[in-house]
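# An overview of the molecular structure
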Amino acid sequence: MEQDASAPPLHPPPYGAAVSTISPYVPMSPQASSTGGRWIAPPGETDTPSFVWPDAPDTDVADNDKAREPTYKPTQAFKAIVGYEKTTIKESEPVQRPQPPQPSSSQQQFKGEAAGLAEEDAHKVLKAFVGKKLCYGKRPVEEMEIKDVAHSSAVHYSLETFIECRTTKRVHRPMRGETYPLHRKDLTPSGVWQVENPPDQIWAVDEKSIPVPNTSTIETCHACGGKGFNKCFRCKGRGKTTCKHCKASGKKGSNPCPYCHGNGRQRCFRCNGWACISCSVCEGYRKLEFYIQITSNFKVKQGDYLHNPGKKFPAKLLKDVDGEMLFEEENQMVSPLTTFPTQDVNTQSQQLLQKQLSVKTERVLLQRHRVKGIPIAEVSYTWQTKDGRYWVYSMDKRVYAPDYPHSCCCCRCVIL
Ligand SMILES: [Zn+2]
Ligand SMILES: [Zn+2]
Ligand SMILES: [Zn+2]
């Protein structure tokens, strides 16, 4: 019997030995479908498909448990929405940011540098350092004579900018009843950067999406054409597949195949024989709500500069060490340093700021910059007529002694 492809499936009369005892499915009336009612897959199993798919194959297909549902892309033309004319079902490029506010103009005051290290302390620190090293000889540190301690300070400047990028996209969800504010021609929706979408946590990398009010339109589901159901992809709309256990012969040796009871075909495992599955796009609701969605991406941009006054001291050791906080500021926008005593730091502050503000699609939400002074003491000593030096650096007094006498890293040495 031919059925109209747009009509909801009809429940067939019970038939055969495998009739389900579950109460029969009550078909949705055509009126119900026009009011947007939901189509739900009939419960239980059937031996007769509830809907004749005109494009179903003439013979059963082999059962394939790896068959996947096709994807459905919207094909309809959408109403143009003011301000979002270029927004499509694909994620847009990041949208240009609004004009940034003026940076703060607070007075920049810097604390003095960390106190220097006394000779006696410099010696103690080295003793403790050598004491922890198994293959460092103890004699040199016991016998050495400290000649001089020269103090300097490395400067670590860091700048962080908390930014937000926004993209737009036309998305959809099943029309379950409640909608976001619907699009009205007499109302202009808020612009991309006017919609409030604050981060849940400042200085945290995150992504957050929000619908734009007054952009919702109700459309017939493109996947099912408004039926609420689609052709079953596993049986290709036949309701049955050939039995893979007996290769459709119905026999296992001289006995009937136990899987298909000798029929050579089976009810489809995906649709239970109905040949239809609930539409995965509209979830059976037949209509979709399309709306413009804004997605905010929150990121932290980081940059830093290390001013190392000593040529012989490796700058990489200063990267993550603790220093004295000489300056700290957090504001929506900060101004570059201009009056720090080391001119290089001022220059770098300006350059890092320019770099972090250069991308025109990134809105600045917050900025912070810091200057830390890292004390470095260069200690000169003599031991057995030889001159040597080592460094004590950072607030927690770390030691760098690359040419300490009687040290080794391969343990072939004789420890004194
Ligand atoms: Zn099926
Ligand atoms: Zn079989
Ligand atoms: Zn649908």
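As a reminder, the structure under discussion sits directly above these lines.
Residues numbered from 1 in each chain as written. Chains lettered and ligands numbered in written order. Predicted model: local features only at pLDDT ≥ 70, side-chain atom pairs only at ≥ 80, totals over all residues. Heavy atoms only, no water.

### Examining the packing of aromatic side chains
Each aromatic ring pair is described using two quantities: the centre-to-centre distance and the angle formed by the ring planes. Across all of its chains, the model carries 17 aromatic pairs by this definition. On the numbers, 5.2 Å between centres and 50° between planes, the contact of Phe-110 with Phe-327 is tilted. Here the residue Phe-110 occupies a position in the loop between strand E1 (61–62) and helix H2 (119–132), and Phe-327 occupies one in strand E12 (residues 324–331), the gap between them amounting to 217 residues. Phe-110 gets classed as partly exposed once you look at its relative accessible area, which sits at 23%. The positively charged end of Lys-133 is found above the aromatic ring belonging to Tyr-136, 6.0 Å away from the centroid. Seen from the ring of Trp-203, Arg-368 lies directly overhead, with NZ or CZ sitting 4.0 Å from the centre. (Phe/Tyr/Trp six-rings, centres within 6.5 Å; stacked < 30°, edge-to-face > 60°. Helix = DSSP H or I, 4+ residues; strand = E, 2+ residues; numbered from the N terminus. Buried < 20%, exposed > 50% of the residue type's maximum accessible area, 1.4 Å probe, protein only. Lys NZ or Arg CZ within 6 Å of the ring centre and 35° of its normal.)

### Focus: the coordination of the zinc ion (ligand 3)
Around the zinc ion (ligand 3), the protein contributes the donor atoms Cys-221 (SG), Cys-224 (SG), Cys-279 (SG) and Cys-282 (SG), which lie 2.2 to 2.3 Å from the metal centre. One can describe the donor arrangement at the zinc ion (ligand 3) as tetrahedral, given that its 4 donor atoms subtend angles of 102 to 115° at the metal. Written as a sequence motif, the donor residues of the zinc ion (ligand 3) are C-x2-C-x54-C-x2-C. One end of the pair, Cys-221, is in the loop between strand E4 (217–220) and strand E5 (229–231); the other, Cys-279, is in the loop between strand E10 (276–278) and strand E11 (287–307), with 58 residues separating them in the sequence. The exposure class of Cys-221 is buried, given its relative accessible area of 1%. (Donors = N, O, S within 2.8 Å, 3.2 Å for Na, K, Ca; no water. Tetrahedral: all angles 85-135°; square planar, octahedral: opposite > 155°, others 65-115°.)

### Describing the pairing of E11
In this sheet, E11 lies alongside strand E2 (residues 145–174) in antiparallel orientation, the contact comprising 20 bridges. By the bridge assignment, Arg-170 is partnered in E11 with Ile-292. Bridge count between strand E3 (residues 206–211) and E11: 6 bridges; the pairing is antiparallel. Bridge pairing in E11 links Ser-209 to Thr-295. (Pairing = 2+ DSSP bridges.)

### A few points about the nonpolar core
Here is a general trend for soluble globular proteins: nonpolar side chains tend to be buried in one another's company. Counting 21 residues, the largest nonpolar core has Leu-126, Met-144, Tyr-390, Val-399 and Tyr-404 as its most contacted members. Of all the elements in the fold, those that place two or more residues in this core are H2, E2, strand E13 (363–383) and strand E14 (386–393). Discounting chain neighbours no more than four positions away, the residues touching Leu-126 are Val-141, Met-144, Tyr-390, Val-399, Ala-401 and Tyr-404. Core analysis: the second largest hydrophobic core is formed by 13 residues, Leu-159, Leu-326, Val-334 and Leu-353 among them. (Core = buried A, V, L, I, M, F, W, Y, C linked by side-chain atoms within 4.5 Å. Contact = heavy atoms within 4.5 Å.)

### A look at the pattern of salt bridges
Evaluated as defined, the whole model comprises 22 salt bridges. Here Lys-208 and Asp-200 are joined by a salt bridge, their closest N and O atoms 3.1 Å apart. One salt bridge connects Asp-396 with Arg-398, and the closest N-O pair in it is separated by 3.2 Å. According to the relative accessible area criterion, Asp-396 is partly exposed, its value standing at 44%. It is possible to trace a salt-bridge network through shared partners that takes in Glu-45, Asp-47, Lys-240 and Arg-267. (Salt bridge = Lys/Arg side-chain N within 4 Å of Asp/Glu carboxyl O.)

### Description of helix H4 (residues 343–356)
Helix length check: H4, at 14 residues, gives a terminal C-alpha distance of 20 Å against a target of 20 Å (1.5 Å per residue), a fit within 8%. Taken together, the buried positions of H4 are Val-345, Asn-346, Ser-349, Leu-352, Leu-353 and Gln-356. Buried residues of H4, viewed axially, fall in a sector of 130°; they line one side. Pointing more than 90 degrees away from the buried face of H4 are the exposed residues Gln-354 and Lys-355. Where H4 is buried, its residues contact E2, E11 and E13. (Expected span 1.5 Å × (residues − 1). Arc of directions from axis to C-beta.)

### Looking at H2
Taking 1.5 Å of rise per residue, the 14 residues of H2 would be expected to cover 20 Å, and the 21 Å separating its terminal C-alpha atoms lies within 8% of that figure. Those residues of H2 that fall on the buried side of the exposure criterion are Ala-122, His-123, Val-125, Leu-126, Phe-129 and Val-130. The arc enclosing the buried residues of H2, seen along the axis, measures out at 160°, which places them on a common side. Counted as exposed and oriented over 90 degrees from the buried face of H2: Glu-120, Lys-124 and Lys-132.

### Details of the pairing of E14
Bridge count between E13 and E14: 8 bridges; the pairing is antiparallel. Following the sheet pairing, Trp-383 is matched in E14 by Lys-386. Here E13 hands over to E14 after 2 residues, with Gln-384 in that stretch at a positive phi of 50°. Between E14 and strand E15 (residues 398–400), which pair antiparallel and follow one another directly, the connecting turn spans 4 residues, one of which, Ser-394, has a positive phi of 70°.

### Considering unusual backbone geometry
In this structure, Trp-203 takes a positive phi of about 65° despite not being glycine. Here Trp-203 lies in the loop between E2 and E3. For Lys-397, which is not glycine, the phi torsion reads 50° and is therefore positive. By the secondary structure assignment, Lys-397 is in the loop between E14 and E15. With a relative accessible area of 42%, Lys-397 lands in the partly exposed category.

### Considering the coordination of the zinc ion (ligand 1)
Between any two of four tetrahedral donors, the ideal angle at the metal is 109.5 degrees; between two of six octahedral donors, it is 90 or 180 degrees. On the protein side, the zinc ion (ligand 1) has Cys-232 (SG), Cys-235 (SG), Cys-268 (SG) and Cys-271 (SG) as donor atoms, found 2.2 to 2.3 Å from it. Summarised as a motif, the one-chain spacing of the donors to the zinc ion (ligand 1) is C-x2-C-x32-C-x2-C. Considered together, Cys-232 and Cys-235 belong to a single accessibility category, that of buried residues.

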